Amino acid sequence: MTPARRISVFLSRFSWARLILLLTAPLFWLGAVYIVALAALLVTALWTVDSFTGEVRIEWTFDNIVDVVTGALYQTVTLRTIGVALLVTVVDILIALPIAFFMAKVAGPRLQRILVVAVLMPLWASYLVKAYAWRSVLSEGGVWASVVEPFGGQTPGYGLPAVVLTLAYLWLPYVILPIYAGLERVPNSLLEASGDLGAKTWRTIVSVVLPMLKPAIIAASIFSFSLSLGDYITVNIVGGASQMLGNLVYTNVGAANNLPLAAAIALIPISIMIVYLAAARRSGALENL
Amino acid sequence: MRNTASRRSAIFAALAIVSTTALLTACGTASGPGGDDGGLPTELGDFEGSVSILAWPGYVEDGSNDPAVDWVSGFEDETGCMVDAQAYGTSDEAVNLVRSGGYDVVAASGDATLRLIAAGDVAAVNTDLIPSYDGVFDFLKEQEWNSVDGQSYGVPHGYGANLLLYNTEVVNPAPTSWDVVFDGASAYSGKITAYDSPIYIADAAVYLMAHQPELGIENPYALDEEQFQAAVDLLKAQREHVGEYWSDYLKEIQAFQTGDSVAGTTWQVIQNVLEGEGATTAVVLPEEGATGWSDTWMITSDAENPNCAYAWLDWIASPEVNAQATAYFGEAPSSEAACDFRDDCEAYHAGDEEYASQIWYWTTPIADCVDGRTDVECVDYAAWTEAWSEIKG
């Protein structure tokens, strides 16, 4: 019996050995990427940094976390970040709903395919290219200004409105797709039945479509909300002088060399996301993904 | 249907991984201080055949970016030391990389050098072993950012000032003072720009030195609690009028081209680019003086190739190479004779001691006041960083 054959006999006899061989690599990866990284983050947040040489010292303290929870700066920035993320999510859902509805229920099969490709197309371009494109669109004398100035408007310039606009643009495909898929699952017969029973379009949307679509909308909102929550590059490019949580983490790692504080700040979006995901789970949206 | 669903979950899985990792920050570990400087080398041995260099981008060019820009090949041919170079983006990154070990030579700015010296990451340098050191401008030698107690820790490379850049069409009359970005900033509200780094607090301190002498600021990097608070308050007031902060120099160039920014701090090289593109901008060294940078080539304390490292320090400070390297980066050379190989020395005021004396070179603020005061404790860099986040709000 060749060794290869012996191994295969062994494996076919013992199913647990097969299972171990199959799962070790992915489980190791999961453990290394998620659990160890998260644990390392939590542990780093409890260390301290030598203010002169900038070296991380392993001295256990809750100072960083207390600073982050009680500091006025972090509270303001956290609220601002949540506000931006919520606004981006709302804007995206409002834009995505009619587009997804048209794709799923109105367009023919051919147009539907073209629209799906069109929605996915922006994802082929780099994130940075798109953010810089918005920078030039919103600049003085840029495209935006030249379009609205004849009507007495002006460009919002760089700042939080520009951040919301750019992020909403960047994450729109991630919001359209789940809602589109959710709408596909709403049977046409239900819409017809609603019409037959005398409901107008608006009534049908509010009473039939939206309730069935709720899990899909929540799933879509997880994308736009979580992606906005951790973003710092867009803020840097079009955010003017404003900063979000991601920027605080970035400056503390890059400029301040204060890893423990950065780790403590990074715990804020993580806790927000845990709360958000728990709420989404309660609503049953996660099973719908 | 099925297809859409499985593609969707694949997208979700990918997104989940991306967003989760984006939220995480890597963990760092501490590294102990390196050896001390017990005993300087008094003579050089044989070259080891290789040298590992850490420097700002554009400082170690071997022709791979631009065939015409190459001062590494000549060094390799002459000494047989093969150069292995790595570029870094910020002073803090440089400090981290040096601590990770494996580098022989580092080119550091003044806001990194003191930290490296204090932590024992770099060794004292015997300048007698570096013939080119004699050609370096005297006013750059034995300064507080490259020497401790008269002992030199490296060879000066190049220097420049953080100037005031303004749009000549918008800002009238032409400014001669930093006033235009501080107390007078409201005239150009929303179009002021500032350098996005805690070290910019020193720019406010330079302004206060001239405009609020009662604070008694002697050195913008040695601020006691009260002086520091005054600088922070000034910057918080400025924040109302700042359109954006810049740290990427291309971002500032673009903002001045479009007119989104009309006045703010800058580097000479930015004005050179703007001028080349026909923008209506000009720079001035304001009457209050300015902050600036002065870079130093240093040898790490755990260098495995010290002889090649000394050879590099000598090579990079030699007039022709110093001229090439500093011209490429857009700063004044440190070598007096370098201007024989450059035709733009005037733009950078190379060797102009009076101009240079108006520049407060970046230095790491530490608790022991660098201006020599012993009766007060100064605000250290960690607090500067914290305050900078607060200023931006």
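Residues numbered from 1 in each chain as written. Chains lettered and ligands numbered in written order. Predicted model: local features only at pLDDT ≥ 70, side-chain atom pairs only at ≥ 80, totals over all residues.

S.K.: Looking at this structure, how should I read the overall build of chain B?
M.R.: A tally of helices and strands in chain B yields 12 helices and 15 strands. Against the compact-globule benchmark of 21 Å for 393 residues, chain B has a radius of gyration of 23 Å, which places it among compact chains. In terms of its C-alpha atoms, chain B occupies a principal-axis envelope of roughly 75 × 60 × 50 Å. When burial is assessed residue by residue, chain B has 50% of its 393 residues classed as buried. (Helix = DSSP H or I, 4+ residues; strand = E, 2+ residues; numbered from the N terminus. Rg over C-alpha atoms; globule rule 2.2 N^0.38 Å. Buried ≥ 20, exposed ≤ 12 C-beta atoms within 10 Å, placed from the backbone.)

S.K.: Sorry if this is basic, but what is going on with helix α6 (residues 127–138) of chain A here?
M.R.: Each full turn of the α-helix corresponds to 3.6 residues, which orients residues three or four apart in the same direction. Residues and elements named next belong to chain A. Between its terminal C-alpha atoms α6 stretches 17 Å, which fits the 16 Å expected from 12 residues at 1.5 Å a residue. Ala 131, Trp 134, Arg 135 and Leu 138 are the residues of α6 that are buried. Buried residues of α6 fall within an arc of 105° about the axis and therefore sit on the same side. Looking at the packing, one finds that the buried side of α6 touches α7 (143–148), α8 (160–184) and α11 (233–238). (Expected span 1.5 Å × (residues − 1). Arc of directions from axis to C-beta. Contact = placed C-beta atoms within 7 Å.)

S.K.: How do you make sense of the UniProt feature "transmembrane region" (unreviewed entry) in chain A when you look at a structure like this?
M.R.: All names here are of chain A. The feature "transmembrane region" (unreviewed entry), as annotated in UniProt, sits at residues 20–47, 82–102, 114–134, 158–183, 204–225 and 259–279 in this numbering. Along residues 158–183, the helical share is 92% and the strand share 0%, with 36 Å between the first and last C-alpha atoms. End-to-end, the C-alpha atoms of residues 259–279 are 30 Å apart, and along that stretch the chain is 100% helix and 0% strand. (UniProt positions renumbered as here; feature names shortened; annotations may be inferred.)

S.K.: In this structure, what is going on with the domain arrangement of chain B? I would like to understand it.
M.R.: Accessible area lost upon the coming together of the parts serves often as the stated size of an interface. For chain B, the domain assignment lists domain 1 (50–159 + 293–357) and domain 2 (163–266 + 367–392). On a C-alpha basis, the centroid separation for the pair domain 1 of chain B and domain 2 of chain B is 28 Å. (Domains from an automatic or database assignment.)

S.K.: I would appreciate a short explanation of the nonpolar core in the present structure.
M.R.: Soluble, globular proteins show a tendency: their nonpolar side chains are buried together. By size, the foremost hydrophobic cluster in this structure holds 116 residues, and its most contacted members are B:Val106, B:Ile201, B:Ala231 and B:Trp312. The greatest single-element share of this core, amounting to 9 residues, is contributed by helix α9 (residues 306–317) of chain B. Here this core gathers at least three residues from each of two domains, domain 1 (50–159 + 293–357) and domain 2 (163–266 + 367–392) of chain B. The contact partners of B:Val106, leaving out residues within four places of it in the chain, are B:Leu54, B:Ala94, B:Val98, B:Val122, B:Met298 and B:Thr300. Ranked by size, the runner-up nonpolar core spans 68 residues in total, among them A:Trp47, A:Val77, A:Trp134 and A:Ile176. (Core = buried A, V, L, I, M, F, W, Y, C linked by C-beta atoms within 7 Å.)

S.K.: I keep staring at the pairing of strand β13 (residues 290–300) of chain B and nothing clicks. Help me out?
M.R.: Regular strands place side chains that alternate from one sheet face to the opposite one. Residue and element names in this part refer to chain B. β13 sits mainly inside the fold: 11 of its 11 residues count as buried. Side chains Ala 290, Gly 292, Ser 294, Thr 296, Met 298 and Thr 300 project from β13 onto one buried face, and the interleaved Thr 291, Trp 293, Asp 295, Trp 297 and Ile 299 project onto a second face that is buried too. Two elements, strand β3 (residues 105–108) and β13, share 4 bridges in a ladder whose sense is antiparallel. The residue of β13 that forms the bridge with Ala 107 is Trp 297. As defined by bridge partners, strand β4 (residues 122–123) adjoins β13 across 2 bridges and the pair is classed as antiparallel. When the sheet's bridge partners are listed, Ala 123 is paired in β13 with Ile 299. In this structure, strand β7 (residues 155–161) lies alongside β13, joined through 5 bridges in antiparallel fashion. Bridge pairing in β13 places Ala 161 opposite Gly 292. Bridge analysis of β13 against strand β15 (residues 359–361) gives 3 bridges, and the strand direction is parallel. (Pairing = 2+ DSSP bridges.)

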